[in-house]
Amino acid sequence: MDTRLSEVSLPAGLATDDGITLEELALAARNHGMPLEALRHDLTPPGLHYLLTHYDIPALDPVSWRLSVTGLVSTPLELTLDDLRARPARTVRVTMECAGNGRAHLRPRPISQPWLVEAVGTAEWTGVPLRDVLADAGVDDTGVDVVFTGADHGVERGVEQDYQRSLALPDALRDEVLLAYEMNGMPLPPQHGFPLRLVVPGWYGMAHVKWLRAVEIVDEPFTGFQNAVAYRSRQTADEPGEPITHIAPRALLIPPGFPDFQSRHRIVRPGRVELAGRAWSGRAPLASVEISTDDGVTWREATLAADDGHRWAWRRWSATWQAEPGRYTLAVRATDADGNTQPEAEAWNRGGFANNAVHRVPVTCLP
Ligand SMILES: Nc1nc2c(c(=O)[nH]1)N[C@H]1C(S)=C(S)[C@@H](COP(=O)(O)O)O[C@H]1N2
Ligand SMILES: [Mo]
């Protein structure tokens, strides 16, 4: 084994001064990210898909479970899993990302699940278009919001609640919004919402309500905790803030070469290195991906894989790099067709949401 490692100095092992709390560690151990090498797969193997659960994972009995559709409808519905499975199905490939992805890079660090950049995954979700079920129920003209309730229950900043999120009716009635009972062709795993979850392609993760048990049409904007308090971008505690909705563009790099165990610093050998990764945006179709090997001083265009029609899923990008001995910081950024791109510096907000600053990967090229 010719490593030449003895000739370079790598970063020392683990830093001890970052002040992360045991509570944050407990959150991070339950709610795992996707190992970035899994960016190689078009579809994330379910065990590698990121996971985020505010409370406990409920154990639901698929036989007694029901989905209720109530509120401002002409025919309230009470659907079994078999009722849903008997309807025409649709499959949509969706890249899902937690709105808190990137949070741990912010200073001061907002205290919550401390994601770096790995809170993402892509799956094929199969289920019934929500609009078909709502058409059967007959939504009244006075309907404004659709409230989705999960079977999980907990307390958040002193407020006891079921996990609930709403969508405005026009957002809920889009073709691609699904009541999904399969992930990658298999029944949903317990941690991803068994037996049924909402899938809202293009939106950050919090909208995709897991363990769905109730859909209710209401005649005014829903003011539940997850809509009115939690997922809003704020600079100060007393402002109402802007709601968090669609996924901002992001490109990630499959970490090249091989890692140091503790620091995860990357090591490559000199010569041609194939760089590749994935990029996505929930706001508009992707337009370009750029790569830098000098920490964002100069950029060049990467090759974006052909558009395969999966509007709501990430796309592969690639570039080659002639690596010479030395220390580098690789960086990658995506831009979408509306001109949304990734900032060089983190944009801070209290909740640590939607931080899509460029992905940077320090690399040592051996002599
Ligand atoms: N019922 C329920 N749905 C939920 C959540 C939850 O805690 N309870 N977490 C949300 C958040 S914040 C995210 S990012 C996604 C994560 O989905 P995943 O765990 O399947 O990746 O689920 C969303 N749906
Ligand atoms: Mo999330």
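Conventions adopted
Residues numbered from 1 in each chain as written. Chains lettered and ligands numbered in written order. Predicted model: local features only at pLDDT ≥ 70, side-chain atom pairs only at ≥ 80, totals over all residues. Heavy atoms only, no water. Near = heavy atom within 4 Å. Polar contact = N/O pair within 3.5 Å; in protein donor to acceptor, adjacent residues only side chain to side chain. Patch = residues over 30% accessible without salt bridge, like charges linked within 9 Å, V, L, I, M, F, W, Y side chains within 5 Å. Areas by Shrake-Rupley, 256 points an atom, 1.4 Å probe, with all protein chains shown as cover. Salt bridge = Lys/Arg side-chain N within 4 Å of Asp/Glu carboxyl O. Lys, Arg positive; Asp, Glu negative; His and termini not counted. Charge placed at Lys NZ, Arg CZ, Asp CG, Glu CD. Helix = DSSP H or I, 4+ residues; strand = E, 2+ residues; numbered from the N terminus. Domains from an automatic or database assignment. Contact = heavy atoms within 4.5 Å. Buried area = accessible area lost by both parts, 1.4 Å probe. Pairing = 2+ DSSP bridges. Core = buried A, V, L, I, M, F, W, Y, C linked by side-chain atoms within 4.5 Å. Buried < 20%, exposed > 50% of the residue type's maximum accessible area, 1.4 Å probe, protein only. Arc of directions from axis to C-beta.

### Regarding the site of ligand 1
- The immediate surroundings of ligand 1 are formed by 19 residues, with His 54, Asp 152, His 192, Arg 197 and Lys 210 found nearest.
- At 2.6 Å from an oxygen atom of ligand 1 is found a side-chain nitrogen or oxygen belonging to His 192.
- In this structure, a nitrogen atom belonging to ligand 1 sits 3.0 Å away from a main-chain N or O atom of His 208.

### Quick look at a negative patch on the surface
- A cluster of acidic side chains, namely Asp 140, Asp 141, Asp 219 and Glu 220, defines a negative patch on the protein surface.
- Looking at where Asp 219 falls in the secondary structure, it is placed in the loop between β10 (212-218) and α5 (225-230).

### Quick word on the domain arrangement of the protein
- Annotation of the protein at the domain level lists domain 1 (22-243) and domain 2 (248-365).
- Centre-to-centre separation of domain 1 and domain 2, based on C-alpha positions: 27 Å.
- Taken together, the 41 residues of domain 1 in the interface contact 26 residues of domain 2.
- With both chains or domains summed, domain 1 and domain 2 bury close to 2,900 Å², and 57% of this area falls on carbon and sulfur atoms.
- Area buried by domain 1 at its contact with domain 2 is led by Leu 39, Arg 93 and Leu 106, which between them contribute 21% of it.

### Points about the sheet that holds strand β20 (residues 315-323)
- Spatial strand order, β13-β16-β20-β19: four strands in an open sheet with antiparallel pairing. The open sheet has two edge strands, β13 (250-253) and β19 (303-304), and neither has a second partner.
- Sheet topology places strand β16 (residues 271-280) next to β20; nine bridges connect them, and they run antiparallel. Bridging across to β20, Gly 271 finds its partner in Ala 323.

### As for the nonpolar core
- Membership of the largest hydrophobic core comes to 53 residues, with the highest contact counts inside it found for Leu 67, Leu 84, Phe 148, Leu 179, Leu 198, Met 206 and Leu 212.
- With four residues, helix α3 (residues 130-137) is the largest single contributor of residues to this core.
- Here this core gathers at least three residues from each of two domains, domain 1 (22-243) and domain 2 (248-365).
- If near-sequence neighbours (up to four positions away) are discounted, Leu 198 is found in contact with Leu 130, Phe 148, Leu 167, Val 177, Leu 178, Leu 179, Ala 207, His 208, Val 209 and Leu 212.
- Membership of the second largest hydrophobic core comes to 21 residues, among which are Leu 286, Val 289, Leu 304 and Ala 319.

### Considerations on unusual backbone geometry
- Look at the link from Arg 107 to Pro 108: it is a cis peptide, with omega at -5°.
- With respect to the element layout, Pro 108 can be found in the loop between β3 (90-97) and β4 (120-129).
- Note the cis peptide between Phe 194 and Pro 195, where omega equals 5°.
- Within the secondary structure, Pro 195 is located in the loop between β8 (186-187) and β9 (197-199).
- The phi dihedral of Asn 184 is positive, around 50°, even though this residue is not glycine.
- We classify Asn 184 as partly exposed; its relative accessible area is 23%.
- You will see that Asp 295, though not glycine, has its phi angle at about 60°, which is positive.

### A look at α3
- Listing the buried residues of α3 in full gives Leu 130, Val 133, Leu 134 and Ala 137. Within α3, the buried residues cover an arc of 100° as seen down the axis, which keeps them to one side.
- In the stretch just after α3, Gly 138 is the one whose phi turns positive, near 75°.

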